[in-house]
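Structure assessment
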Amino acid sequence: MDSDKSYICENNITLIKNLLSVILVDDESFAIANLSKLIETYCPSLKIVSTASNVLLAEQRINYFKPDVVFLDINMPNLNGFELLDRLIDIPLVVFVTA
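Now for a description of the structure that goes with this document. The shown structure was predicted, so the numbers you read here are calculated from the model rather than taken from an experiment.

Let's shift gears to the side chain of Asp68. Within the secondary structure layout, Asp68 lies in the loop between helix 2 (55-65) and strand 5 (69-72). No salt bridge is formed by the buried Asp68; the nearest opposite charge belongs to Lys66, separated by 11 Å. Within the structure, Asp68 has its side chain in polar contact with the backbone nitrogen of Ser21 (distance 2.9 Å).

Shown next, in the form of structure tokens:
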């Protein structure tokens, strides 16, 4: 791991240049766009590393990127947000976003 870019804190949250890594999961593209804009505008300590529009894609991206935080929609087609959490071995911090 490049010490100039990231390190593991005592609480195992990875910081990238003092930023928390984030993945947004929502089946509605406008919801991802709106949340992305809000995070970029009002949450400078968060870095969006990926997005996903369904549970299977989210599972792959969460396992690959290992984000600190996932903003997760609950109601999605086929599998829902809770089923995603059941599929993960390492569960990051979760913020539920739903209409």
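Let's pick the thread back up.
On to the pairing of strand 4 (residues 46-52). In this structure, strand 3 (residues 19-25) lies alongside strand 4, joined through six bridges in parallel fashion. Bridging from a neighbouring strand, Val22 pairs with Ile48 of strand 4. Since strand 3 and strand 4 lie parallel, the crossover through helix 1 (residues 29-42) that links them has a hand, and here it is right-handed.

Relative to the assigned elements, Val25 resides in strand 3. Between the alpha carbons of Val25 and Val97 there is a distance of 8.9 Å; along the sequence they are 72 residues apart. With near-sequence residues (within four places) excluded, Val25 lies in contact with Ala52, Asn54, Ala58, Val70, Phe71, Leu72, Asp73 and Met76.

The next thing to look at is helix 1. Taking 1.5 Å of rise per residue, 14 residues should cover 20 Å, and helix 1 covers 20 Å from first to last C-alpha, within 8% of that figure. Within the sequence span of helix 1, burial applies to Ile32, Leu35, Ser36 and Ile39. Along the axis of helix 1, the buried positions cluster into a sector of 105°, meaning they face one direction only. Turned more than 90 degrees from where helix 1 packs its buried face, Phe30, Lys37 and Tyr42 sit exposed. Check the buried side of helix 1 and you find it contacts strand 3, strand 4 and strand 5.

Calculation rules
- Sequence positions are assigned chain by chain, starting from 1 and proceeding in written order.
- With the structure being a predicted model, the display of local features is reserved for residues of pLDDT at least 70 and the display and counting of side-chain atom pairs for 80 or more, all residues being used for whole-chain, interface and lining totals.
- Values shown for side chains rest on all heavy atoms present in the structure; no hydrogens or waters enter the calculation.
- Starting at the N terminus, helices and strands are each numbered in turn, a helix being any DSSP run of H or I of at least four residues and a strand any DSSP run of E of at least two.
- Accessibility here uses a 1.4 Å probe with only protein chains present; expressed as a share of the type maximum, an area under 20% marks a residue as buried, one over 50% as exposed, and anything in between as partly exposed.
- The convention is simple: Lys and Arg are positive, Asp and Glu are negative, and His and the chain ends are not counted.
- When a carboxyl oxygen of Asp or Glu lies within 4 Å of a side-chain nitrogen of Lys or Arg, that pair is called a salt bridge.
- Whenever a nitrogen or oxygen atom comes within 3.5 Å of another N or O atom, the pair is scored as a polar contact, on the condition that within protein one atom can donate a hydrogen and the other can accept it, and that pairs from neighbouring residues in sequence are kept only if both atoms are in side chains.
- When DSSP locates at least two bridges between a pair of strands, those strands are taken to pair.
- Crossovers are marked right-handed if the path from the first strand over the helix to the second runs clockwise, as seen with the strands pointing away from the viewer.
- For this analysis, residues touch if any pair of their heavy atoms sits within 4.5 Å.
- Here the expected span of a helix is defined as 1.5 Å times the quantity of residues minus one.
- This arc is taken over the directions from the axis of the helix to the C-beta atoms.

Interpretation in functional terms is not warranted from these geometric data alone.
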